[in-house]
Amino acid sequence: MASKNSKNIDSIKIKNPNKISFINLNFREVFESNIIIFSLMIIFFFISIIFSFHRQRMNYKEKFFQVNQKLELIKERNQAELYEIRQDINKLINFIKKIEIDLVKSNVKNLHPNDWILSEIDYLIRLAEKKLYFEYDVISSIKLMEFAKQRLESLKEPDLLALKTTILNDINCLKKIILVDYNSIILSLINLQQKVDELPVVILENKKSNEQISVSANHSNWRENLLISFKTFVNTFIKFRVHDSNVVPLLPLQKQAYLKENIKIKLETAIHAIYRKQVEIYKVSLNIVDQWVFSFFDKDHDTVINFHKELNKLKKQNIQVSHLVKLKSPNILLNIRTKRLDFNV
């Protein structure tokens, strides 16, 4: 029996070294494969970061191109309005020539010699009304009224004195309208959009508080104990734990990017509100941007301070111009022409 037990022990001694070496070999293979997988994960992580930076750079280039397109559209719009005024003037000249030819051909005796000038003045005043009420172009309306006044001054008739006075009063009323430089406001908002990426996020310092608020053991002070417990819960509801540094950002990097993009979208909404004369949407969009900047960015930083100043200036801008000026000269001119031509217009 003793000999059999010794044989079994020897067989166990022979087998154990092989098992141990086999386990060691598997452990090395697993360890090496984990190292390779970890290295690949690091490589893929850096590749994704590089790709995200490249995509962000392409987005900036695209937005810069869009800004240039907006500026070109503004220039084209101004050129189109100037071209339209020139077309109207050409139509006026052709209209005057046609009236002159008709007067020569018709040889109407009852027609007053200066009625063709009154027709020209009537066209200018009605064109001024169109520019004021439909296109909100106060400057063009003033220029057309002044041109009508000049043409009326060439007629030395006492009956037209009331019309001259009324045209002059209409011009003064138009000049009192406060003009808004929409182009400068839009460019200021675009400038703020480009500065959003430079805003620094709030950094919270890791300050350890030594104050320990303890509740009272007296049961009669249950209200004070309840208030102390509530304050302690609120103060410790959200905690920032710093492991490697003394400061930590208020928002993670991904949420910072989302926040900045949302601010840019709100500024873009304000730009569209200017084009559509939507005062309420303009003010609400800028107020939301102001709240976000105040809540999530470093208020003591110079970039945030300057951004806040420019934003306050834009918030005070009034993008709605009152075009409720009622021109009185068209009705008076209509009565004069009706009496002279003796027909209903």
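Residues numbered from 1 in each chain as written. Predicted model: local features only at pLDDT ≥ 70, side-chain atom pairs only at ≥ 80, totals over all residues. Heavy atoms only, no water.

Engineer: Would you take a moment to explain a nonpolar patch on the surface for this structure?
Structural biologist: Side chains of Ile 36, Leu 40, Ile 43, Phe 44 and Ile 47 sit close together on the surface and give an oily, nonpolar patch of about 500 Å² of accessible area. Examined against the element boundaries, Ile 36 turns out to sit in helix 1 (residues 2–106). Exposure remark for Ile 36: the relative accessible area of 52% places this residue in the exposed category. (Patch = residues over 30% accessible without salt bridge, like charges linked within 9 Å, V, L, I, M, F, W, Y side chains within 5 Å. Areas by Shrake-Rupley, 256 points an atom, 1.4 Å probe, with all protein chains shown as cover. Salt bridge = Lys/Arg side-chain N within 4 Å of Asp/Glu carboxyl O. Helix = DSSP H or I, 4+ residues; strand = E, 2+ residues; numbered from the N terminus. Buried < 20%, exposed > 50% of the residue type's maximum accessible area, 1.4 Å probe, protein only.)

Engineer: Quick question: what am I supposed to make of the packing of aromatic side chains here?
Structural biologist: The description of an aromatic ring pair rests on the distance of the ring centres and on the angle between the ring planes. For the structure on display, the rule yields one aromatic pair. Relative to Tyr 123, the ring of Phe 95 has its centre 6.1 Å away and its plane inclined at 25°; by these criteria the two rings are stacked. Separated by 28 residues along the polypeptide, Phe 95 in helix 1 and Tyr 123 in helix 2 (residues 115–133) bring together distant segments of the chain. Judged by relative accessible area, Phe 95 falls into the partly exposed class, the value being 34%. Above the face of the Tyr 182 ring, Lys 277 is positioned so that its terminal group lies 4.7 Å from the ring centre. Over the ring of Phe 294 we find Lys 299; its NZ or CZ atom is 4.8 Å from the centre of that ring. (Phe/Tyr/Trp six-rings, centres within 6.5 Å; stacked < 30°, edge-to-face > 60°. Lys NZ or Arg CZ within 6 Å of the ring centre and 35° of its normal.)

Engineer: Sorry if this is basic, but what is going on with helix 8 (residues 279–296) here?
Structural biologist: Think of an α-helix as 3.6 residues a turn; residues three or four steps apart then line up on the same face. With 18 residues, helix 8 extends 26 Å from end C-alpha to end C-alpha; this agrees with the ideal 26 Å at 1.5 Å per step. Among the residues making up helix 8, those that are buried are Val 279, Tyr 282, Ser 285, Leu 286, Val 289, Asp 290 and Val 293. When helix 8 is viewed along its axis, its buried side chains cluster within an angular range of 140° and face the same direction. Those residues of helix 8 that are exposed and aimed more than 90 degrees away from the buried face are Glu 280 and Gln 291. Residues of helix 8 that are buried sit in contact with helix 5 (182–195), helix 7 (253–276) and helix 9 (302–316). (Expected span 1.5 Å × (residues − 1). Arc of directions from axis to C-beta. Contact = heavy atoms within 4.5 Å.)

Engineer: What exactly am I supposed to notice about the packing of helix 8 against helix 9 here?
Structural biologist: In a pair of packed helices, the angle between the axes and the distance between the axes together describe the arrangement. The interhelical angle for the contact between helix 8 and helix 9, taken along N-to-C directions, is 160°, at an axis separation of 10 Å. By the criterion of interaxial angle, the relationship of helix 8 to helix 9 is roughly antiparallel. In the packing of helix 8 onto helix 9, the handedness of the crossing is left-handed. Contacts between helix 8 and helix 9 involve Tyr 282, Leu 286, Asn 287, Val 289, Asp 290 and Val 293 from the former and Val 304, Phe 307, His 308, Leu 311, Asn 312, Leu 314 and Lys 315 from the latter. Tallied by class, residues from the contact of helix 8 with helix 9 come to eight nonpolar, three polar and two charged. (Axes fitted to C-alpha atoms, helices over the stretch in contact; angles between N-to-C directions. Parallel < 35°, antiparallel > 145°, perpendicular 65-115°, else oblique. Left-handed = near helix turned anticlockwise from the far one by under 90°. Nonpolar A, V, L, I, M, F, W, Y, C, P; charged D, E, K, R; others polar.)

Engineer: Hey, could you run me through the pattern of salt bridges in this one?
Structural biologist: Any two side chains of opposite charge can pair, so long as their charged atoms come close to each other. In this structure the tally under the stated criterion is eleven salt bridges. Residue Glu 146 is joined to Lys 175 by a salt bridge in which the shortest nitrogen-to-oxygen separation is 3.4 Å. In this pair, Glu 146 sits in helix 3 (residues 138–153) while Lys 175 sits in helix 4 (residues 161–175), placing the two residues 29 residues apart along the sequence. Its salt-bridge partner being Glu 261, residue Lys 264 comes within 3.7 Å of it at the nearest N-O pair. Taken together, the positions of Lys 264 and Glu 261, both in helix 7 and three residues apart, correspond to about one turn of that helix. The class for Lys 264 is buried, based on a relative accessible area of 8%.

Engineer: Is there a simple way to think about the side chain of Lys 260 in this case?
Structural biologist: Along the chain, the position of Lys 260 falls in helix 7. Put simply, Lys 260 is tucked away with no salt bridge, and the nearest opposite charge, on Asp 197, sits 5.2 Å away. Those residues in contact with Lys 260, other than ones at most four positions away along the chain, are Val 196, Asp 197, Leu 199 and Phe 297. (Lys, Arg positive; Asp, Glu negative; His and termini not counted.)

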